[in-house]
Amino acid sequence: MASTFGPRLFRRSTSSVPAARSLGRRMTLHAATALVAFAAIQIWLVSSAIAAGAPSALIVVALVVLLALAVPITRSVERRWYHLSRQALASWGLHARFRRDVRRLWVAALTLPFLWVSGAMAATDAIAAITR
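Residues numbered from 1 in each chain as written. Predicted model: local features only at pLDDT ≥ 70, side-chain atom pairs only at ≥ 80, totals over all residues. Heavy atoms only, no water.

As a further point, take the side chain of T74. Mapped onto the secondary structure, T74 falls in helix α2 (residues 57–87). For T74, a relative accessible area of 11% translates into the label buried. (Helix = DSSP H or I, 4+ residues; strand = E, 2+ residues; numbered from the N terminus. Buried < 20%, exposed > 50% of the residue type's maximum accessible area, 1.4 Å probe, protein only.)

Structure, rendered in structure tokens:
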């Protein structure tokens, strides 16, 4: 008996592209989690620096940096992907850009606190050496 739909070709169908609508929600989750990780690392590093003898004003500056820089940048990345997910068609190129942006977001969230606190400690030591 012959099939009315024709012969099936094994592994000849194109692979489906994941839905673009989910990218905005996924980026929101990544942005929120990266921001929490950034804040936790920064709090841990600042408290360690203060325990090592850094001035306590470093806490205020750390919070200002967190609020003034990290939150708006993370929000802009999240907003961009929310709009892209609503307007763009699903494609592998879009998903490659999404993975690249997620990678950049996480690298920044995990490395910038170390760079900022080590730079602040070096600046504090330099200022203390000049004022002596």
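Once you've had a look at it, read on.
For the rest of this paragraph, the subject is the packing of aromatic side chains. The final tally for this structure, using the stated rule, is one aromatic pair. Their ring planes at 85° and their centres at 5.4 Å tell us that W81 and F98 sit as a pair that is edge-to-face. Placement of W81 in helix α2 and of F98 in helix α3 (residues 92–131) is noted, with a sequence separation of 17 residues between them. (Phe/Tyr/Trp six-rings, centres within 6.5 Å; stacked < 30°, edge-to-face > 60°.)

This paragraph deals with the environment of S47. By the secondary structure assignment, S47 is in helix α1 (residues 22–51). Of the residues examined, S47 reaches a relative accessible area of 41% and is grouped as partly exposed. For the pair S47 and I59, spaced 12 residues apart in the sequence, the C-alpha separation amounts to 7.9 Å.

What follows concerns the nonpolar core. Counting residues in hydrophobic clusters, the biggest one holds 15 residues, and the most contacted among them are L23, M27, F38, L66, W81, F98 and L105. Going through the elements one at a time, α1, α2 and α3 are the ones with two or more residues in this core. In terms of residues, this core owes the most to one element, α1, which gives six residues. Discounting residues that sit within four places of it in the chain, F38 has contacts with L66, A70, A108, A109, L112 and P113. Counting residues in each nonpolar core, the second largest holds seven residues, with V46, A49, A54 and V117 among its members. (Core = buried A, V, L, I, M, F, W, Y, C linked by side-chain atoms within 4.5 Å. Contact = heavy atoms within 4.5 Å.)

To continue, consider the confidence of the model for the chain. When pLDDT is averaged across the chain, the result is 79; 83% of the residues are at 70 or more. Within the chain, the lowest mean pLDDT, 81, falls on α2, and the highest, 88, falls on α1. (pLDDT = per-residue confidence, 0-100.)

There is a patch of nonpolar side chains on the surface, built from I59, V60, L63 and V64 and spanning about 340 Å² of accessible area. Mapping V60 onto the fold places it in helix α2. Overall, V60 belongs to the exposed group, its relative accessible area being 53%. (Patch = residues over 30% accessible without salt bridge, like charges linked within 9 Å, V, L, I, M, F, W, Y side chains within 5 Å. Areas by Shrake-Rupley, 256 points an atom, 1.4 Å probe, with all protein chains shown as cover. Salt bridge = Lys/Arg side-chain N within 4 Å of Asp/Glu carboxyl O.)

We now examine the pattern of salt bridges. Counted under the stated rule, the structure contains three salt bridges. Between D101 and R80 there is a salt bridge whose closest N-O contact spans 2.1 Å. One end of the pair, D101, is in helix α3; the other, R80, is in helix α2, and 21 residues separate them in sequence. Among the residues examined, D101 registers a relative accessible area of 8% and is labelled buried. Using a relative accessible area of 40% as the deciding quantity, one classes R80 as partly exposed.

Following the sequence through the fold, W106 ends up in helix α3. Residue classification places W106 among the partly exposed positions, given a relative accessible area of 23%. Sequence spacing of W106 and A37 is 69 residues, and the spatial spacing of their C-alpha atoms is 9.0 Å. Residues in contact with W106, not counting those within four places in the same chain, are H30, T33, A34 and A37. At a separation of 3.2 Å, a polar atom in the side chain of W106 contacts the side chain of H30. (Polar contact = N/O pair within 3.5 Å; in protein donor to acceptor, adjacent residues only side chain to side chain.)

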